[in-house]
Amino acid sequence: MRLRPIDLAREHGLSTQAVRNYEEAGILPPAERSPHGYRVYAPRHAAALRTFLALIPAHGHATAGAIMRAVNGGAAEEALRLIDGSHAELAGDRHTLEAVELALRDLAPPRELEPGVTFIGPLARRLGIRPATLRKWERAGLIVPRRDPRTGYRVYTSADVRDVLLAHQLRRGGHGLEQIARVLERVRAAGGPEPLQATLREWRDRLTARGLAMLAGAGALDTYLETRR
């Protein structure tokens with residue numbers, strides 16, 4: 001069966017230029033040319049395009065393209081390595097989400113975060129850590145205590161203490177500082193742990209959707225590989 005660029009494009013609501021771009025990027029196998037120089041595609045090209053578009057929700061545009069280039073180039077091991085990386089990333093995200101949910105559950109009730117402000121020494125003693133650890137977390141952007149204008153001492157508000165407690169819980173769970181900083185950004189953007197619950201549900205829904213997309217992408221890739229055998 002001979003297919004034109006428009007035939008591939010119409011199936012997915014794409015432009016013919018997008019189809020040509022995907023071919024030039026190695027996402028589609030090279031097309032044959034008619035005597036007049038026009039591109040001539042076959043069912044395997046249509047299968048390649050369907051596979052690529054199925055892989056995007058699971059792996060992202062760049063990784064999906066790299067997977068297709070590896071498959072089209074006969075580098076199956078490289079394609080599998082890229083897929084493994086996405087699965088590992090998803091597993092890590094699930095682990096982080098579970099850790100955040102656990103840490104938020106174990107946070108001290110709001111009444112224990114009062115009265116208003118505290119200083120680095122008392123806060124460090126409360127957690128059983130060194131003041132140097134709190135200063136390290138500050139340099140990493142986890143917490144940003146204000147400074148007393150008269151003494152220059154760090155002053156931790158109840159919101160700062162909340163962030164410190166959450167960081168402490170996550171560190172005990174083995175999470176890195178950059179990862180914790182991203183979590184705390186979510187907490188602050190949501191306005192605190194309570195409003196964050198909706199964000200966590202959305203986060204879990206996205207992970208579930210990505211996991212299902214990986215299944216769909218794997219099925220499409222398996223079908224495409226059959227066309228190449």
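Only a predicted model underlies this, so the values are computations on that prediction, with no experimental measurement involved.

Now for the overall build of the protein chain. Secondary structure summary: the protein chain contains 10 helices and 5 strands in total. Computed over its C-alpha atoms, the radius of gyration of the protein chain comes to 26 Å, more than 25% above the 17 Å expected for a compact globule of 229 residues. Its C-alpha atoms put the protein chain at 85 × 30 × 30 Å along the principal axes. The proportion of buried residues among the 229 residues of the protein chain is 40%.

On to the environment of alanine 213. Considering the arrangement of structural elements, one finds alanine 213 in helix H10 (residues 193-227). Sequence separation between alanine 213 and proline 57 is 156 residues; the distance between their C-alpha atoms is 5.9 Å. Filtering out sequence-adjacent residues up to four positions away, alanine 213 remains in contact with Ala54, Pro57 and Ala58.

A few words now on the nonpolar core. Counting residues in hydrophobic clusters, the biggest one holds 35 residues, and the most contacted among them are Leu134, Trp137, Leu142, Tyr156, Val164, Leu166 and Leu170. Of all the secondary-structure elements, those providing two or more residues to this core are helix H5 (76-106), helix H6 (120-127), helix H7 (131-139), helix H8 (158-172), helix H9 (177-190) and H10. Counting 26 residues, the second-largest nonpolar core is a separate cluster that includes Leu3, Val71, Ile83 and Tyr224.

Quick look at the side chain of aspartate 163 now. Structurally, the position occupied by aspartate 163 is in helix H8. Judged by relative accessible area, aspartate 163 falls into the buried class, the value being 3%. Setting aside chain neighbours within four positions, we find aspartate 163 in contact with Ile143, Leu184, Val187 and Arg188.

Here the structure, examined in full by the defined rule, presents 1 aromatic pair. Ring centres of tyrosine 22 and phenylalanine 52 lie 5.0 Å apart, and the angle between their planes is 65°; on these two criteria the pair is classed as edge-to-face. Here tyrosine 22 is found in helix H2 (residues 16-24), whereas its partner phenylalanine 52 is found in helix H3 (residues 43-59), with 30 residues between them in sequence. Residue tyrosine 22 shares its accessibility class with phenylalanine 52, and that shared class is buried.

Turning to the pattern of salt bridges, a few remarks are in order. Evaluated as defined, the whole model comprises 9 salt bridges. As a salt-bridge pair, arginine 4 and aspartate 7 come within 3.0 Å of each other at their nearest N and O atoms. Here arginine 162 and aspartate 163 are joined by a salt bridge, their closest N and O atoms 3.0 Å apart. Several salt bridges converge on common partners, so that one network encompasses Glu23, Glu24 and Arg39.

By relative accessible area, phenylalanine 52 is classed as buried at 0%. For phenylalanine 52 and alanine 66, which are 14 residues apart along the polypeptide, the C-alpha to C-alpha distance reads 9.8 Å.

The grouping of Arg130, Arg135, Lys136, Arg139 and Arg171 at the surface amounts to a positive patch. With 3 residues, the top contributor of residues to the positive patch is H7. For lysine 136, a relative accessible area of 42% translates into the label partly exposed.

Looking now at the sheet that holds strand E5 (residues 154-157). Taken in spatial order, the 3 strands line up as E3-E5-E4 in an open sheet, and their pairing is antiparallel. Pairing within the sheet leaves two strands with one partner each, and these edge strands are strand E3 (117-118) and strand E4 (146-147). Bridge analysis of E4 against E5 gives 2 bridges, and the strand direction is antiparallel. Paired with arginine 147 across the strands is arginine 154, a residue of E5. H8 rests against E3 and E5 of the sheet, and its axis sits at about 85° to E5.

With 94% of its residues at a pLDDT of 70 or more, the protein chain has an overall mean of 86. Per-residue pLDDT, averaged within each element of the protein chain, yields its smallest value for H9 (80) and its largest for helix H4 (residues 61-72) (96).

Turning to H3, a few remarks are in order. Compared with the 24 Å implied by 1.5 Å per residue over 17 residues, the 24 Å span of H3 between its first and last C-alpha is a close match. Every buried residue of H3 is accounted for by His45, Ala46, Ala47, Ala48, Leu49, Thr51, Phe52, Leu55, Ala58 and His59. Positioned one or two residues after H3, glycine 60 has a phi angle of 90°, which is positive.

Criteria and cut-off values
- Residues numbered from 1 in each chain as written.
- Predicted model: local features only at pLDDT ≥ 70, side-chain atom pairs only at ≥ 80, totals over all residues.
- Heavy atoms only, no water.
- Helix = DSSP H or I, 4+ residues; strand = E, 2+ residues; numbered from the N terminus.
- Rg over C-alpha atoms; globule rule 2.2 N^0.38 Å.
- Buried < 20%, exposed > 50% of the residue type's maximum accessible area, 1.4 Å probe, protein only.
- Contact = heavy atoms within 4.5 Å.
- Core = buried A, V, L, I, M, F, W, Y, C linked by side-chain atoms within 4.5 Å.
- Phe/Tyr/Trp six-rings, centres within 6.5 Å; stacked < 30°, edge-to-face > 60°.
- Salt bridge = Lys/Arg side-chain N within 4 Å of Asp/Glu carboxyl O.
- Patch = residues over 30% accessible without salt bridge, like charges linked within 9 Å, V, L, I, M, F, W, Y side chains within 5 Å.
- Areas by Shrake-Rupley, 256 points an atom, 1.4 Å probe, with all protein chains shown as cover.
- Lys, Arg positive; Asp, Glu negative; His and termini not counted.
- Charge placed at Lys NZ, Arg CZ, Asp CG, Glu CD.
- Pairing = 2+ DSSP bridges.
- Axes fitted to C-alpha atoms, helices over the stretch in contact; angles between N-to-C directions.
- pLDDT = per-residue confidence, 0-100.
- Expected span 1.5 Å × (residues − 1).

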